[in-house]
Amino acid sequence: SDEELITIFGFAGSGKTWTLLYVLYHAWLSGKKVLMVTKEMPVQQLQRRFDALNSSLPYQAFKMGQLGEQLEQSWRKDMEQLQDKPSFVITSDDEGGLGVSGVRTKIEQHSPDIIGIDGVYLLEDDRRGEGWERIRNITQDLKRLARDVLRPVVVTTQASEEPGKRRGLRLSSTAFYKSFAQDSDVVIGVEPIPANWKLRVLKVREGVGPVIVINRDFEKMKFDQCRVEHEDANDSEDDDTIMY
């Protein structure tokens, strides 16, 4: 919904960028204008992922330039039709030093309905903080940004520790978790399992949400919901409590 700061987190290679892109892509399909700011991956790679989603292309073959004539013609036809659809802008920080104020400038330029930031922990702190203070300033400024522009802001960040004996990711698995947990309206942990992703809704307005299992099919570029799991309400940890 409008004004929400939504955080998606996981370990490297867990699928959090794909999850963010899929959320933004479906917003775009519903007629929303999208702005995606990348701090981790090159713009060209994200554009390729978008094209694969939009044209249902087998991703590995597309990435290797081995689509074949028929699929390539279909892809190019789909690209020509993009000019008649809402904008889906993927942009980066070409000169370095991009902070929340820079994201605000990009929003003013493109007037999106939803904003995504991949690798939000790599943003610069406009207030010049360090360590925990830097991340705290960034999450506070992002929350203020969402309220000012009346648009949802969806971001990705890293997990900080191996689950070990834990039953999956928890809020405390988020790097700088107190800042993200305090300022985010929704927090989702992404865990890869064989042939699927588990999306753990770790914070929503009414507490902890369900675990949503998503099938990942990179041949047909379909990411459909398989099932919803509900964990035991007592399956929680003391260190998930946010102390102020």
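Residues numbered from 1 in each chain as written. Predicted model: local features only at pLDDT ≥ 70, side-chain atom pairs only at ≥ 80, totals over all residues. Heavy atoms only, no water.

A.B. asks: Can you walk me through the packing of helix α1 (residues 16-29) against helix α2 (residues 43-55) in this structure?
C.D. replies: Between two packed helices, the angle of one axis relative to the other and the distance separating the axes together describe the packing. Where α1 contacts α2, the axes come no closer than 11 Å and their chain directions differ by 55 degrees. Taken together, the axis directions place α1 and α2 in an arrangement best described as oblique. Our pair here, α1 against α2, has a crossing hand that is right-handed. Between α1 and α2, the contacting residues are Thr17, Trp18, Leu21, Tyr22, Tyr25 and Trp28 on the first element and Leu46, Arg49, Phe50, Leu53 and Asn54 on the second. (Axes fitted to C-alpha atoms, helices over the stretch in contact; angles between N-to-C directions. Helix = DSSP H or I, 4+ residues; strand = E, 2+ residues; numbered from the N terminus. Parallel < 35°, antiparallel > 145°, perpendicular 65-115°, else oblique. Left-handed = near helix turned anticlockwise from the far one by under 90°. Contact = heavy atoms within 4.5 Å.)

A.B. asks: Explanation requested: the packing of aromatic side chains in the structure shown.
C.D. replies: Each aromatic ring pair is summarised here by two numbers: the centre-to-centre distance and the angle between the ring planes. This model, assessed by the stated rule, comprises 15 aromatic pairs. Their ring planes at 80 degrees and their centres at 5.1 Å tell us that Tyr22 and Phe223 sit as a pair that is edge-to-face. Of this pair, Tyr22 sits in helix α1 while Phe223 sits in the loop between β8 (211-215) and β9 (225-229), and the two are 201 residues apart along the sequence. The pair Tyr22 / Phe223 is uniform in exposure class, with both members buried. Among the aromatic residues, those joined into a cluster by ring pairs are Trp18, Tyr22, Tyr59, Trp197, Phe218 and Phe223. (Phe/Tyr/Trp six-rings, centres within 6.5 Å; stacked < 30°, edge-to-face > 60°. Buried < 20%, exposed > 50% of the residue type's maximum accessible area, 1.4 Å probe, protein only.)

A.B. asks: Just checking my understanding: could you explain the layout of surface pockets for this structure?
C.D. replies: Remark: the empty space left among the atoms is shown by a probe the size of a water molecule rolled over them. Of the pockets and cavities examined, the second largest pocket occupies roughly 230 Å³. Contributing to the lining of the second largest pocket are 14 residues, with Gly13, Ser14, Gly15, Lys16 and Thr17 lying nearest its centre. The leading source of residues in the lining of the second largest pocket is α1, at three residues. Within the lining of the second largest pocket, the residues separate by chemical class into five nonpolar, five polar and four charged. (1 Å grid on protein atoms, 1.4 Å probe; cavity = no way out; pocket = protein on both sides within 12 Å on 5 of 7 lines; lining within 4 Å. Points joined across faces, edges and corners; volume = space filled by probe spheres on them. Nonpolar A, V, L, I, M, F, W, Y, C, P; charged D, E, K, R; others polar.)

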